[in-house]
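Coordinate analysis (summary)
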Amino acid sequence: MTDAKCHKKDIMAIHDAMDILSGRWKISIISSLCYYNKRRFSEILNDLSGISNKQLSKELKELEQNKLIKRTVLDTQPVSVHYNLTEYGWTLQDLIHGLADWGTRHREVIFSEP
């Protein structure tokens, strides 16, 4: 395969990934589950300042449909639900840590004196 074809294939793969992970909240939700492993809906809601219940519910459903998270309903009174990353979802861990490292460096660059 030529370099141009390889690059085009890579760009298409990035486009596919961004279709799944795009939006304001998906990476943050995955990050919450990556750092805390298992979270209840209310805990994720508290982790993400500014997201509404309705939006969080929508995002969680989309992530579940894409097999990145698992929703578990516990047989308790009252019923309890928790979310965690699937084995496939855990493949994003290096990406999440890389983004966190880059974000820290970016803040240092932006807020450092010229």
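The present account deals with the structure reproduced in this document. The residue count restarts for each chain, going from 1 along the sequence in the order it is written. Per-residue local features of the predicted model are confined to residues with pLDDT of at least 70, and side-chain atom pairs are confined, for both listing and counting, to 80 or more; whole-chain, interface and lining totals are unaffected and use all residues. No hydrogens and no water enter the side-chain calculation; it runs on all heavy atoms of the structure.

1. Looking at the overall build of the protein
We apply this condition: Put simply, DSSP marks the helices as runs of H or I at least four residues long and the strands as runs of E at least two long, and each gets a number from the N terminus on. It is over C-alpha atoms that the radius of gyration is taken, and the globule rule equals 2.2 Å times the number of residues to the power 0.38. Only protein chains enter the area calculation, which uses a 1.4 Å probe; residues under 20% of their type maximum are buried, those over 50% are exposed, and those in between are partly exposed. Contact between two residues is taken to exist if any of their heavy atoms lie within 4.5 Å; hydrogens are not considered. Shrake-Rupley sampling with a 1.4 Å probe provides the accessible areas, and residues are treated as covered by the protein chains on show and by no other component. Lys and Arg are tallied as positive, Asp and Glu as negative. Neither His nor the chain termini are counted. Where a charge lies is defined by one atom per residue type, namely NZ (Lys), CZ (Arg), CG (Asp) and CD (Glu).
Tallying secondary structure elements over the protein gives 5 helices and 3 strands in all. Each helix and strand of the protein, ordered N terminal to C terminal, gives the series α-α-β-α-α-β-β-α. What you see for the protein is a C-alpha radius of gyration of 17 Å, clearly larger than the 13 Å of a compact globule of 114 residues, by over 25%. With respect to the principal axes defined by its C-alpha atoms, the protein has extents near 60 × 45 × 25 Å. Going through the 114 residues of the protein one by one, you find that 25% of them count as buried. Of the contacts formed within the protein by residues at least 6 apart in sequence, a portion of 48% connects residues at least 24 apart. Summed over its atoms, the accessible surface of the protein is roughly 8500 Å², and 54% of this surface lies on carbon and sulfur atoms. Averaged over its 16 positive side-chain charges, the protein has a centre that lies 6 Å from the centre of its 15 negative ones.

2. Description of a nonpolar patch on the surface
Applicable threshold: Residues qualify for a patch when their relative accessible area is over 30% and they have no salt bridge, like charges being joined within 9 Å and the nonpolar side chains of Val, Leu, Ile, Met, Phe, Trp and Tyr within 5 Å. Just to be clear on terms, a salt bridge is a Lys or Arg side-chain nitrogen sitting within 4 Å of an Asp or Glu carboxyl oxygen.
Taken together, the side chains of V109, I110 and F111 define a hydrophobic patch exposed on the protein surface, amounting to about 350 Å² of accessible area. The topology assignment puts I110 in helix α5 (residues 93–111).

3. Considering the nonpolar core
When a protein is soluble and globular, its nonpolar side chains tend to lie buried together. Stated precisely, the cut-off is as follows: Joining through side-chain atoms within 4.5 Å is the link that ties buried Ala, Val, Leu, Ile, Met, Phe, Trp, Tyr and Cys residues into a set, and such a set is a nonpolar core.
The biggest cluster of nonpolar side chains holds 18 residues, and the ones touching the most others in it are I29, I30 and I44. Elements with a contribution of two residues or more to this core: α2 (26–36), α4 (53–65) and β3 (80–85). The contacts of I30, once residues within four sequence positions are left out, are L21, L63, L68, L85, L92 and I96.

4. A word on the side chain of T86
For the record, the criterion: Two N or O atoms form a polar contact when they lie within 3.5 Å of each other; inside protein one atom must be a possible hydrogen donor and the other a possible acceptor, and for residues adjacent in sequence the pair counts only when both atoms belong to side chains.
Examined against the element boundaries, T86 turns out to sit in the loop between β3 and α5. The exposure class assigned to T86 is buried, which follows from its relative accessible area of 19%. Polar side-chain contacts of T86 include one of 2.6 Å to the backbone oxygen of K67. Residue contacts for T86: discarding those within four places in its chain leaves K67, L68, I69 and K70.

5. A look at the pairing of β3
What counts is decided by this rule: Each pair of strands is called paired provided DSSP finds at least two bridges between the two strands.
Where strand β1 (residues 38–40) lies against β3, 3 bridges are found, and the strand directions are antiparallel. Bridge assignment links K38 to a residue of β3, and that residue is N84. Pairing between strand β2 (residues 69–74) and β3: 6 bridges, direction antiparallel. Paired with I69 across the strands is L85, a residue of β3. A loop of 5 residues connects β2 with β3, the two strands running antiparallel in sequence.

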